[in-house]
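Read off the chains here:
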Amino acid sequence: MKIVIFGSGLIGRCWALLFARAGNTVQLYDKEPAQLNGALDDIESKLKGLQSSGLLQGQAVADVLKRISTTTDLDGAITGADYLQECVPDIVDLKRNVFAQLDALVEKTGNSKIILASSTSVIPASTFTEPLKHRSRCLVAHPINPPHYIPVVEVVPAPWTSPEVTAETRRILDSIGQAPVVLNCEVEGFLVNRLQFALLMEGYRLVEAGVCSPADIDTTISKGLGLRWSFMGPFQTIDLNAPGGVDDYCKRYNPGVVRVCKDFGETKDPSPETVAAINAAMREEVPFEDLAKRREWRDNRLAALAVHKLQMDQL
Ligand code: NAI
């Protein structure tokens, strides 16, 4: 397949390497030539990291890299392309302008079979594609950073996205080794942030109420719930937590689940004191100047986990 990545920042680079690793031809476009210059070096170093973890499927870095080229000629890139992944910053007006530009180019190049997917973390596609002639080709495909170690991608169609486009997007993402989850309709926050924010909000409330420290919340996840969450979700969890599976769990425990959930407080901004307390706890654990090192540590841990999960899948 011929793939266009529109925007060569943090996420665009990751998409480029994912598509190229799977054997596709990738054209990386950006309006800033300086961004493009830095992109290939960065992709090369990410590919080396994947190779040293055994996550390059036996390929040489140079072979993957040569499938990626940079371009500032968008017409040429879109001509004959199968799929475009937009990766510009999450600003509604920018997304509107970029998708209007892409719509016009689809018309001009006659490539009405291309899929136009946005990486947006929070903006539903209906917000920026409504007036477009080719809006049935548009949808959201939201990755999680860093997507070469975290495979889930949220696929969120707009009300006018063609079902074939949604199905083909799922197939394409599967084919590059990602794990697409397809939503039936748009919803604020999609899935990842709805689940993530529910937990974060309860963390704020517990710290604010003085029930526990910020570190206790993090330990509960990193040395507790998160251990199983790296290979099973909440429904798979409850299925194993009662002798008779989900049905049995619901009979035994749902009254307690509902009682506890009713005890959750109001959803509101945490107070400045709570934010200051969480910030102080975090700075004690990781000084501000060490945050970049800590991000590297996170990526190394994720790489090790990705290797472990790959090995488990092969058993
Ligand atoms: P970034 O700021 O690192 O990169 C954006 C790129 O877009 C830059 O290279 C910039 O030159 C280019 N750009 C801006 N306007 C342009 C235009 N009109 N034409 C062509 N290129 C243009 O942004 P990042 O972090 O890569 O985010 C991109 C998208 O990915 C956003 O929608 C974001 O929500 C989403 N995303 C980001 C994640 C993250 O952790 N950074 C995670 C998941 C999704």
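Everything numeric here is computed off the predicted structure, so don't read it as measured data.

## Focus on the site of the ligand
Within the structure, the ligand sits among 24 residues, and D30, Q35, D90, K95 and S121 are positioned closest to it. Between the ligand and K31, the relevant distance is 3.4 Å, taken from a nitrogen atom to a main-chain nitrogen or oxygen of the residue. D90 is positioned with one of its side-chain polar atoms (N or O) 2.7 Å from an oxygen atom of the ligand. Notes on the ligand: free accessible area 830 Å², of which the protein chains cover 79%.

## What to know about a nonpolar patch on the surface
A surface patch of nonpolar side chains, amounting to about 250 Å² of accessible area, comprises L199, L225 and W229. Among the structural elements, L225 can be located in helix α9 (residues 214-229). Given the relative accessible area of 31%, L225 is considered partly exposed.

## Digging into the pairing of strand β8 (residues 179-182)
Examined bridge by bridge, strand β7 (residues 152-157) and β8 share 4 bridges and lie parallel to one another. Paired with V155 across the two strands is V182, which belongs to β8. Assessed by its sense of winding, the connection that carries the chain from β7 through helix α7 (residues 163-175) to β8 is right-handed.

## Structural notes on unusual backbone geometry
For the bond from N145 to P146, the omega torsion is -5°, close enough to zero to count as cis. With respect to the helices and strands, the residue P146 is situated in the loop between β6 (138-143) and β7. Residue Q57 is not a glycine yet carries a positive backbone phi of 50°. Within the secondary structure, Q57 sits in the loop between α2 (33-52) and α3 (61-65). Residue classification places Q57 among the exposed positions, given a relative accessible area of 55%.

Scoring rules and cut-offs
Residues numbered from 1 in each chain as written. Predicted model: local features only at pLDDT ≥ 70, side-chain atom pairs only at ≥ 80, totals over all residues. Heavy atoms only, no water. Near = heavy atom within 4 Å. Polar contact = N/O pair within 3.5 Å; in protein donor to acceptor, adjacent residues only side chain to side chain. Areas by Shrake-Rupley, 256 points an atom, 1.4 Å probe, with all protein chains shown as cover. Patch = residues over 30% accessible without salt bridge, like charges linked within 9 Å, V, L, I, M, F, W, Y side chains within 5 Å. Salt bridge = Lys/Arg side-chain N within 4 Å of Asp/Glu carboxyl O. Helix = DSSP H or I, 4+ residues; strand = E, 2+ residues; numbered from the N terminus. Buried < 20%, exposed > 50% of the residue type's maximum accessible area, 1.4 Å probe, protein only. Pairing = 2+ DSSP bridges. Right-handed = clockwise from strand over helix to strand, strands pointing away.

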